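Chain by chain, the residues run as shown.
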Amino acid sequence: MKNILELAYLVPLFPLIGFLINGLGRKSLSKSMIGIIGSGAILASFVVSLLIFFQVKGGNTDTLNYFSFIRAGAVNIPFAFQIDQLSSIFLLIITGVGFLIHVYSTSYMHEEKTEHFGRYFAYLNLFVFSMLLLVMGANYVIMFIGWEGVGLCSYLLIGFWFKNPEYNKAANKAFIMNRIGDLAFLIAIFWIIGKVGSVGYSEVIAAATEGSKFTTTDITGITILLFIGATGKSAQIPLYTWLPDAMAGPTPVSALIHAATMVTAGIYMIARSNVLYSMSPLTLNIITYVGLATALLAATIALKQNDIKKVLAYSTVSQLGYMFLALGTGAYVAAVFHVMTHAFFKALLFLGSGSVIHAMGGEQDIRKMGGLNKYMKVTHITFLLGCLAIAGIPLFSGFFSKDEILASAFGKSPVIYAVGLFTALLTAFYMFRLYATTFRGSFRGTHEQEHHLHESPSAITIPLVVLAVLSVIGGFIGIPEFMMHGGHKLAEFLQPIVAPSAKLLPVHEVSHSTEWILTGVSSALIIGVVFFAWNKFSRKPDTGEATGFGKVLANKWYVDELYEKAIVNPLAKLGGFFNNIFEKLVVDGLVNGVGRLVSYSSRQLRLLQSGQVGSYVLLMVLSILLVFVIQFFLRK
Amino acid sequence: MNALIISAILGVIMMFSGILLKQKSGVRGIAIGGLVLVLLSNVLEMNGTHFFNVNLHGMMEFDHFSLLFVSVIIGAMLFYFILSARDMEKVGGYYAEYFALLFFILCGIVLVTSFKSLLILFLGIEIISIPLYILTGSDKRNLKSNEASLKYLLTGSFSTGLMLMGIALIYGATGTFDVAKMKLGLSEQPELLAIAGMLLLLFSMSFKVSAAPFHFWTPDVYDGAPTVFTAFMATIVKAAVFIGFIRLFGDTFGGMAPKWQFWVAVLAAATLFIGNITAVFQQSVKRMLAYSSIAQAGFMLLALFAMNQDAREGILLYSVAYSLATIGIFAVLGRMNDYTFEGFNGLARRQPLVAAVLTICLLSLAGIPLTAGFLAKFYMLKAAMAAGTQFWLVIFAVLMAAVSVYYYFRVIQAMYFKEGEANVTVSAGFKTALVVLAALIIVLGVAPELILYWLYF
Amino acid sequence: MNITQILFWLLSVTALFGAMMVVTSRNPVYSVLWLILTFFSISGHYILLNAQFLAIVNIIVYAGAIMVLFLFVIMLMNLNKNAEPTRGRWIKFAGAISGGCLLLVLVAALRSTEVSSKSVQVGVGEIGLIKNLGRELFTNYVVPFEISSILFLSAMIGAVVIGKKD
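These numbers were taken from a predicted model, which means no experiment stands behind them.

A.B. asks: What am I meant to see in the confidence of the model for chain A here?
C.D. replies: A low pLDDT means the predicted coordinates there should not be read in detail. Of all residues in chain A, 86% have pLDDT values of 70 or greater, and the mean over the chain is 81. For residues 581–611 of chain A, every residue scores under 50 in pLDDT, and the model assigns this stretch 33 contacts once sequence neighbours within four places are set aside.

Spelled out as structure tokens, the structure:
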């Protein structure tokens, strides 16, 4: 049989074709046609990804060169895909979860006009295409292209309902914050080119391990820049505030882009460059603390949010922080594991919240919900399973991945472990506050809404069920070593990716008995918190206005306000300075010039001569003077 | 040589066509047909067919690079003619004469790209400039146009003065106009006269490509000139003068690179800064594009700074990417009623195709991947990186490119995300040309080799 | 100091003084007259360089034709009064000072340049004679000579486009 890996180009090709058809035919195609094309394209990609996955599992990896993308001087950047263990896992997550969300969207977006419906699916397919490019590329430039592409699609989809100016603002905020990260990424790429003369992963890793081309400073600099890039895309401190605002987009978009896939691009990038990171302990420390701080901060904010999607958004930020914590402690496998389980349960939770919002007629405030378990059976149960998974109740998927991260954190320092565990408890608390307030107790909305409540159609519930199953059992591919020998299939699978860095970085071994104790303690505490929150909020929902410290949390620690005061305002002032002083004084806006021209039209000619042109020439002469003085008298 | 002589003759033919032909479409047909002829003759010359055998006395050299570049420029001009030639009718009553002037400018472009003697460079620059002064003021009843023309003439004369003085000093130092015989920079300590002359030429060329701090004329002139001619000035002329700039400093002053490289870096940084920061605060798209053209010039200066093989490839790609995208935007802008950002509100709703093409052009200018603009910027940065001396410049350029995204996206945002009444009337032919243009931008963004291949052919 | 040198300095001072007065005169008619003086002294330089043809052409074309045209324009437009608008005082000062500084810097920088070997050959060169000039122009420099016709042609068209009534 022909090598399946040769077919890898099909994986991104299908979504691209879907994008083209839906984009061009959005006016002529019917809604069902658009839905079939959009979802079908992703399904096709998923099937190919599966075939590829089994090939890779059989130990068959490859780098496929298609054509020379950029060739100049000594640098040759091919357009190439790298199919290996890491990328094949991400392919499955992206196309698998992506397909479910596409199916979900056919029902969720059904009330849009056909034209907008087509536009939505075109964007969504384009997003999947870019995301696939990002993970399949065999060098940093292809990754960057995908990186920019997903940013663009995210921007377009957040602003999908562009009639609302608030949404527009959110889209802009996301775009600008991402650009800051992208900038650092780009500089890192140029740094790598300058040192290695190539941007292929294998070449860079070879250069790093061989050691002559990079100094320690280079590696630290490059890894920090790449990490800054990751903080933008994966919403870490200080660039995280765009993600909660990004919830302005349609809910399936939040599920796909802002929970399951795009935001994990930063984790993918660091896992991809794990050898470089393992060579720079300083960067790893920075990542650990940034991740930990983000996880904690976002978890505290989530405690007091009342918008169902905002809670989930902050929870996503917090979980992403968890993944960075894993990366920082050198547990790359645990990070990828958590990416995967998180993709399942967070997509599930978002889709579930979408189902709720749908049923509530657009209402997102959990204070006006309650008792929904009676009306929406499937949504209720799947949502509950999702909550159990994210909280880390034993044997649910989140339990395994989170436990692995905590064990690795304990290996680094017990303090980090303690903070991490505290964050996990907060997670359990706010998730069950959300669950209990929404689904338990009695309904608090208007009479009309109550009348309207209904279970969603099957195009919505089937993806929920599939994701719920995955959220429950997804963890069993990574059973920790201390529970079952050889149980961690994922670690085995990813072994070739992390092997080079394992040599560089001493792994903190924790004895099996300690691990049992840690797991036991954390599980017991989490279960306790879950019961506490469930009871507390089922009986007396948290509906009042927050006061005291709660108010600080409800206002997200005033970070947005801080940014507004510390960064946006000074920038605006600087802008004003340039606009007023510079523009008025030096260029003296044409508006004035013309205004005067009209009023003194009889003498226009000479006014011109005496006006701006004189100052233009004067400034040119002054610059020439400056250059001459420096050249002839100072630069000897 | 083919292109030079044929376009000069075409200029004369255009002059008479205005008298002989009553139909404007006839004039336009001759112009477009003539331009195709020039393009063919130039391509033939690349393959070794010379129509004219002139003893040039070593004053010009039509090497592969210059011929390729002239072909690219003529190609861009063809796009410009097809997209915008109709808009020239609105400017004034001298339709045929405008074409004649454009053909003469093309002669100047050929001279500037292939000079081997400073005399020819000077002639070329002047043949480009004088018709531009006239075209800027061609909308005679518009005060803004008059003002712009006069400003351009006055400041332009100043830069001509600088250039002459520079050439005179170089002549004083070397005793020749001939680039091949100058042998500058061979001695350890170059003569002061030559340095002073070189700096003066640097200033005057910076003026022509609107590099800061010699850019002051640009916003006023670009804003005041009729939009069709602004498009021509900002794209084709600018790219051509850049090639002349690179030839001058690469060939003539190549030996004394340490003396000017630093200044080019400073000019590039200043240009990037002023162009990008000021563009952010513009309310008019036309004026924003003027500043954007300054900002893009800053990027092109990186090629001059690096002056290696990457840079030569890069500048070729950059001029194509920049010219195509800007021609496309101006072609649409010329048909809008309102040049402010608000004037674009809701364009995507009424003209989805035009808006999509505009978006591609803007993305290319902003340097978003998979467009020609990204690769062009990439080449520039890579070249500057390879030059190795001023790493800060690369970082600064990347930063400024990020700023530029803001103002380009404002237009996209207005078109797609805002409600408004913007509309343009476009013919099917115009749409086809726009689509071809957008396709070219994308194709070059994926496979730049298509153009660069010819560089080594 | 022989007679040629004395003449050289005299002509240079006259040319520079004339040029200064062109710029500073308030009345445009005076400016034009000063300009004519400048052209005459430059023609004097040409003669010193043994370029009689250039000297004559300079006077005929510039001092004769073009300046007369200027005078006509000024008189027809009735600009001969002190009609100069009041330009900002500071810009005048700034212009004068920065221009002066530029001159100083250039002179100071280039003062030490060794130019004696290539300095002007006063009274001995033959290149400016009409015969040699013609030969150079139509052999070695024929290409730029012909090309400048394009420049003039475009200037002519420009004059029509700008000057003719719509």
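A.B. asks: Even after reading the chapter, I still don't get the interface of chain B and chain C, so can you show me in this structure?
C.D. replies: Where interface size is given, it is often the accessible area lost as the parts come together that is meant. Taken together, the contact between chain B and chain C spans 31 residues of the former and 22 residues of the latter. For the side of chain B that touches chain C, the secondary structure elements donating two or more residues are α1 (2–20), α4 (95–114), α5 (118–136) and α8 (192–208) of chain B. Within the side of chain B that touches chain C, the residues separate by chemical class into 20 nonpolar, 7 polar and 4 charged.

A.B. asks: I would appreciate a short explanation of the environment of Thr 316 of chain A in the present structure.
C.D. replies: Residue and element names in this part refer to chain A. Its place among the elements puts Thr 316 in helix α14 (residues 308–328). Under the C-beta neighbour-count criterion, Thr 316 is labelled buried, with 30 such atoms within 10 Å. Note: C-alpha distance between Thr 316 and Ser 234 (82 residues apart in sequence) is 9.6 Å. Sequence-distant contacts of Thr 316, defined by excluding residues within four places in its chain, comprise Leu 243, His 258, Ala 259, Val 263 and Lys 346.

A.B. asks: Would you mind going over the domain arrangement of chain A with me for this structure?
C.D. replies: Residues and elements named next belong to chain A. Domain assignment breaks chain A into domain 1 (1–137), domain 2 (139–554) and domain 3 (560–634). The gap between the C-alpha centroids of domain 1 and domain 2 is 23 Å. On the side of domain 2, 48 residues touch domain 1, which itself brings 35 residues to the contact. A per-element tally of the side of domain 1 that touches domain 2 places helix α3 (residues 85–108) first, with 16 residues. Considered class by class, the residues forming the side of domain 1 that touches domain 2 number 25 nonpolar, 8 polar and 2 charged.

A.B. asks: Even after reading the chapter, I still don't get the nonpolar core, so can you show me in this structure?
C.D. replies: If you look at the biggest cluster of nonpolar residues, it comprises 438 residues, and the most contacted ones within it are Ala 347 of chain A together with Leu 302 of chain B. Here this core takes 18 residues from helix α15 (residues 332–359) of chain A, the largest share from any one element. Look past the residues within four positions of Leu 302 of chain B in its chain and what remains in contact with it is Ala 268, Met 380, Ala 383, Ala 384 and Ala 397 of chain B.

A.B. asks: I keep staring at helix α10 (residues 227–252) of chain B and nothing clicks. Help me out?
C.D. replies: Owing to its 3.6 residues per turn, the α-helix aligns residues three or four sequence positions apart on the same side. Residue and element names in this part refer to chain B. Its 26 residues give α10 an end-to-end C-alpha distance of 36 Å, which sits within 8% of 38 Å, the value for a rise of 1.5 Å per residue. If you look at α10, its biggest bend is around 30°, right at Lys 238. With 24 of 26 residues buried, α10 is to be regarded as a mostly interior element.

A.B. asks: Is there a simple way to think about the interface of chain B and chain A in this case?
C.D. replies: Taken together, the 47 residues of chain B in the interface contact 44 residues of chain A. At the level of secondary structure, the elements contributing two or more residues to the side of chain B that touches chain A comprise α6 (143–174), α8, α9 (217–224), α11 (257–280), α13 (309–333), α16 (372–387) and α17 (391–417) of chain B. Here the side of chain B that touches chain A is composed, by residue class, of 34 nonpolar, 3 polar and 10 charged.

Rules of the game
All residue numbers refer to positions counted from 1 along the written sequence of the respective chain. A letter from A marks each chain and a number from 1 marks each ligand, given out in the order of writing. Totals for whole chains, interfaces and linings use all residues, but because this is a predicted model, local features are given only for residues with pLDDT of at least 70 and pairs of side-chain atoms are given and counted only at 80 or more. What pLDDT expresses is the predictor's confidence in each residue, scored from 0 to 100. Here, residue contact means that the backbone-derived C-beta atoms of the two residues sit within 7 Å. Secondary structure follows DSSP: runs of H or I at least 4 residues long count as helices, runs of E at least 2 residues long count as strands, and numbering of each begins at the N terminus. In this classification, the charged set is Asp, Glu, Lys and Arg, the nonpolar set is Ala, Val, Leu, Ile, Met, Phe, Trp, Tyr, Cys and Pro, and all remaining amino acids, among them Gly, are polar. Here a residue counts as buried when 20 or more other C-beta atoms sit within 10 Å of its C-beta, as exposed when there are 12 or fewer, and as partly exposed otherwise, the C-beta atoms being derived from the backbone. All the domain ranges listed were derived from an automatic or database domain assignment. Think of a nonpolar core as buried Ala, Val, Leu, Ile, Met, Phe, Trp, Tyr and Cys residues chained together by C-beta atoms that fall within 7 Å. How far a helix is expected to stretch is found by multiplying one less than its residue total by 1.5 Å. Two axes are fitted around each residue, one to the seven residues ending there and one to the seven starting there, and the angle between them is reported as the bend at that residue.

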